[in-house]
Amino acid sequence: MKIGVLALQGAFIEHINMLKALGAAPVEIRQKADLAPDFSGLVLPGGESTVMSLLLHKLGLFEPLRTAIIGGLPTFGTCAGLILLAQHFNVLDVAVNRHGFGRQINSFSEYGDFAGLGQTPMVFIRGPYITEVGDDVKILARAKDKIVAVQQNNILGVAFHPELTDDSKVHEYFLKKTIDK
């Protein structure tokens, strides 16, 4: 199964490695021509959401990706990817506190209960958290009493970086719960 991975900046290579380890065929998305393959899903990695949004517009990727997501393309956003889904693409019905857990110096890791997966490692780097969810949004995980993982239909958004751990459970969840739905 081909999974498009936005490869403009951020931790995209770690997502690619995790997806390969799970048997998926990741395809780096850097330009409009990279959208040609028929993807089974899309990963929007961490990074800097404002920069990614500007690059998406400049490269002509924003509208085609937004249209694909609205059309039902299973999508997984981590950290800045979550912010892109909620505040830029406006396809995930949540409000996000962009640097909710503080500055870079406040980055942390912890284990938290992720619905159906049990204790899961969560790495937060200038991590956002979710402050409000819409009626159709399922809360999947919390950290420090804040919402940090949600699913709305075939969109999975997490405020942390599962790709920076050796634990593949969250990526497996994306592949099984959103793509094989």
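Anyway, here's the lowdown on the structure attached to this text. (Residues numbered from 1 in each chain as written. Predicted model: local features only at pLDDT ≥ 70, side-chain atom pairs only at ≥ 80, totals over all residues. Heavy atoms only, no water.)

**Quick notes on the pairing of strand β3 (residues 41-44)**
Counted only if it meets this: To sort residues, take the accessible area from a 1.4 Å probe on protein chains only and compare it with the maximum for the residue type: under 20% means buried, over 50% means exposed, and anything in between is partly exposed. Numbering of helices and strands runs from the N terminus, with a helix taken as a DSSP run of H or I at least four residues long and a strand as a DSSP run of E at least two residues long. A pair of strands counts as paired when DSSP detects no fewer than two bridges linking them.
The side-chain alternation of β3 yields two buried faces, one formed by G41 and V43 and the other by L42 and L44. Judged from the 3 bridges that link them, strand β1 (residues 2-6) and β3 form a sheet pairing that is parallel. Bridge pairing in β3 places V5 opposite V43. In this sheet, strand β4 (residues 75-78) lies alongside β3 in parallel orientation, the contact comprising 3 bridges. Counted as the bridge partner of L42 is T75 from β4.

**Things to note about the pattern of salt bridges**
Quick note on the threshold: Any Lys or Arg side-chain nitrogen located within 4 Å of an Asp or Glu carboxyl oxygen qualifies as a salt bridge.
Applying the stated criterion across every chain, the model contains 4 salt bridges. Salt-bridge contacts for E28 lead to R30; the nearest nitrogen and oxygen are separated by 2.7 Å. Residue E28 is classed as partly exposed on the basis of its relative accessible area, which comes to 30%. We note a salt bridge from E48 to R98, for which the minimum N-O separation is 2.0 Å. Of this pair, E48 sits in the loop between β3 and α2 (49-58) while R98 sits in the loop between β5 (94-97) and β6 (108-114); the two residues are 50 residues apart in sequence, bridging distant segments of the chain. On the basis of relative accessibility, which here comes to 23%, the residue E48 falls in the partly exposed class. The partly exposed category is assigned to R98, whose relative accessible area is 28%.

**Quick word on unusual backbone geometry**
Glycine aside, residues mostly have negative phi angles, and peptide bonds mostly take the trans form. At C79, a position not held by glycine, the phi torsion is positive, near 55°. Position of C79 relative to the elements: it lies in the loop between β4 and α4 (80-88). What makes C79 buried here is its relative accessible area of 6%. At R126, a residue that is not glycine, the phi angle is positive and equals roughly 50°.

**Points about the layout of surface pockets**
For clarity, the threshold we go by: Each cavity reported here is a set of points on a 1 Å grid over the protein atoms alone in which a 1.4 Å probe fits but cannot get out, each pocket an open set with protein on both sides within 12 Å along at least five of seven lines, and each lining residue one with an atom within 4 Å of a point. Grid points are joined across faces, edges and corners, and a volume is the space filled by probe spheres set on the points. Side-chain classes follow a simple rule in which Ala, Val, Leu, Ile, Met, Phe, Trp, Tyr, Cys and Pro form the nonpolar group, Asp, Glu, Lys and Arg form the charged group, and the remainder, Gly included, forms the polar group.
Considered as a void within the structure, the largest pocket measures approximately 180 Å³ in volume. What lines the largest pocket is a set of 14 residues, among which G47, C79, I125, R126 and H161 lie closest to the centre. Class assignment for the residues of the lining of the largest pocket results in 6 nonpolar, 5 polar and 3 charged.

**Considerations on the environment of I70**
Here I70 shows up in helix α3 (residues 62-70). For I70, a relative accessible area of 53% puts it in the exposed group. Sequence separation between I70 and R126 is 56 residues, and the spatial gap between their C-alpha atoms is 28 Å.

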